[in-house]
Amino acid sequence: MILSLLLAMTSSVMAQHTMETRVWKVAEDVYRFGPVEGNNGYYSMFVVTDDGVIAIEPVNPEHSKGLMAAIKSVTDKPVRYLLHSYNHWDHSKGGAIFREQDAKIVSHIEAYEWMKAYPHPDMVLPDETWTGKRKDIVLGGKTIELHHIGMSHGLGMTVFVLPKEKIAYIADIVTPNRVLFATVPDFNIKEWVRALKLVESLDFEGAVFSHSQSKDPLGSKKDVIQTREFIADIQAAIVDEFQKGTDFTQIPEK
């Protein structure tokens, strides 16, 4: 299973190299960057302030190169921060180009400790870590809230919220218009549902997701709710089949 997961991640990253990319303005001074068509592509978000730019999600060197070009197409202000959502290699590589720009690279301590223990030649360690459930970064009059949602997927999973703009950035725990992976790799289902409820309680309206099958560049809290409800429906259906006496090997077919 681990080999299959690594191969899938590698294929996704290789596909990203050939994808046509673009930048979308999703709110005042807030932009989404990524492939024109979702599929297995990765999306980042960046925020332009009077004192510089905050970028979220480096993904890999090729993606980060495109992200940096997208930022420069919008503003000549320097990138001050690069923020990591969590630890997985397919999201956390590519930070070197931001370090070259003297951006401060930030992650939750849980993600940092994993990155340090499992280095990758395309991944640079964060300069700054934080602990607990909440950290705010203020730059150029704009605030971005970092919410550590705890065990759910990977380590150090962080959801970012711009309170004034009411825009969130959410990685991996929600992918609009896509059903779950068959093996649901590196997810804790019970804690995932808890985390989704926590995200629903955050004060935002629009959302940029690291992956999306939607044609709309900006999703919403409804996507979070529907993901949680979909998981609940699957769980209820499985329990129902057990109660009927269905052999567990036949439940997926049911």
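All of these numbers come straight from a predicted model, not from anything done at the bench.

### Quick word on the side chain of Ser107
Part 1 of the argument: Of note, Ser107 is situated in strand E6 (residues 104-108).
Part 2 of the argument: For Ser107, a relative accessible area of 1% corresponds to the buried category.

### Concerning a nonpolar patch on the surface
Part 1 of the argument: Taken together, Val179, Phe230, Ile234, Ile238, Phe242 and Phe248 make up a surface patch of nonpolar side chains, about 560 Å² in accessible area.
Part 2 of the argument: Mapped onto the fold, Phe242 is located in helix H7 (residues 221-244).

### Observations regarding the sheet that holds strand E8 (residues 134-139)
Part 1 of the argument: Taken together, six strands build an open sheet; the order of strands is E8-E9-E10-E11-E12-E13 and the sheet is mixed. Both outer strands of the open sheet, E8 and strand E13 (219-220), are each paired with one neighbouring strand and no more.
Part 2 of the argument: In this structure, E8 lies alongside strand E9 (residues 142-148), joined through six bridges in antiparallel fashion. Bridge pairing links Ile137 to Ile144 in E9.

### Some details on the packing of aromatic side chains
Part 1 of the argument: If you walk through the whole model with that rule in mind, you get six aromatic pairs.
Part 2 of the argument: Relative to Phe46, the ring of Tyr31 has its centre 5.0 Å away and its plane inclined at 15°; by these criteria the two rings are stacked. Of this pair, Tyr31 sits in strand E2 (residues 30-35) while Phe46 sits in strand E3 (residues 44-49); the two residues are 15 residues apart in sequence, bridging distant segments of the chain.
Part 3 of the argument: Relative accessible area serves as the criterion here: at 12%, Tyr31 is assigned to the buried category.
Part 4 of the argument: Look at Phe46 and you get buried, because its relative accessible area is 0%.
Part 5 of the argument: With 6.3 Å between their ring centres and 50° between their planes, Phe160 and Tyr169 make a pair best called tilted.
Part 6 of the argument: By relative accessible area, Phe160 is classed as buried at 1%.
Part 7 of the argument: Of the aromatic side chains, those joined through ring pairs into one cluster are Trp89, Trp114 and Tyr118.
Part 8 of the argument: The ring centre of Trp24 lies 4.5 Å from the NZ or CZ of Arg32, which sits over that ring.
Part 9 of the argument: Between Arg32 and the ring centre of Tyr43, over which it is positioned, the NZ or CZ distance is 3.5 Å.

### A look at the environment of Tyr81
Part 1 of the argument: Inspection of the secondary structure assignment puts Tyr81 in strand E5 (residues 79-83).
Part 2 of the argument: Considering only alpha carbons, one finds Tyr81 and Val47, 34 residues apart in sequence, at a separation of 9.9 Å.
Part 3 of the argument: Residue contacts for Tyr81: discarding those within four places in its chain leaves Val53, Ile54, Ala55, Ala103, Lys104, Val106, Ile137 and Leu139.

### A few points about empty space enclosed by the protein
Part 1 of the argument: As enumerated under the stated definition, the model contains one cavity of 30 Å³ or more in all.
Part 2 of the argument: Approximately 30 Å³ is the volume attributed to the largest cavity.
Part 3 of the argument: Along the walls of the largest cavity sit Arg32, Pro176, Ala207, Val208, Phe209, Ser212, Asp216, Pro217, Leu218 and Gly219, which together make up its complete lining.
Part 4 of the argument: With three residues, strand E12 (residues 206-209) is the single largest residue contributor to the lining of the largest cavity.
Part 5 of the argument: A breakdown of the residues in the lining of the largest cavity according to their chemical character gives six nonpolar, two polar and two charged.

### What to know about the sheet that holds strand E4 (residues 52-56)
Part 1 of the argument: Strand order in this open sheet of seven strands is E1-E2-E3-E4-E5-E6-E7, and the pairing throughout is mixed. The outermost strands of the open sheet, each flanked by one partner alone, are strand E1 (21-27) and strand E7 (128-130). Each strand of the sheet is rotated relative to its neighbour by a mean of 25°, with strand direction disregarded.
Part 2 of the argument: Bridge analysis of E3 against E4 gives five bridges, and the strand direction is antiparallel. Following the sheet pairing, Thr49 is matched in E4 by Gly52.
Part 3 of the argument: Of the strands in this sheet, E1, E2, E3, E4 and E5 touch helix H2 (residues 61-74), which is tilted by about 30° from E3.

The rules behind the values
Residues numbered from 1 in each chain as written. Predicted model: local features only at pLDDT ≥ 70, side-chain atom pairs only at ≥ 80, totals over all residues. Heavy atoms only, no water. Helix = DSSP H or I, 4+ residues; strand = E, 2+ residues; numbered from the N terminus. Buried < 20%, exposed > 50% of the residue type's maximum accessible area, 1.4 Å probe, protein only. Patch = residues over 30% accessible without salt bridge, like charges linked within 9 Å, V, L, I, M, F, W, Y side chains within 5 Å. Areas by Shrake-Rupley, 256 points an atom, 1.4 Å probe, with all protein chains shown as cover. Salt bridge = Lys/Arg side-chain N within 4 Å of Asp/Glu carboxyl O. Pairing = 2+ DSSP bridges. Phe/Tyr/Trp six-rings, centres within 6.5 Å; stacked < 30°, edge-to-face > 60°. Lys NZ or Arg CZ within 6 Å of the ring centre and 35° of its normal. Contact = heavy atoms within 4.5 Å. 1 Å grid on protein atoms, 1.4 Å probe; cavity = no way out; pocket = protein on both sides within 12 Å on 5 of 7 lines; lining within 4 Å. Points joined across faces, edges and corners; volume = space filled by probe spheres on them. Nonpolar A, V, L, I, M, F, W, Y, C, P; charged D, E, K, R; others polar. Axes fitted to C-alpha atoms, helices over the stretch in contact; angles between N-to-C directions.

Spatial relationships are all this shows, so hold off on functional conclusions.
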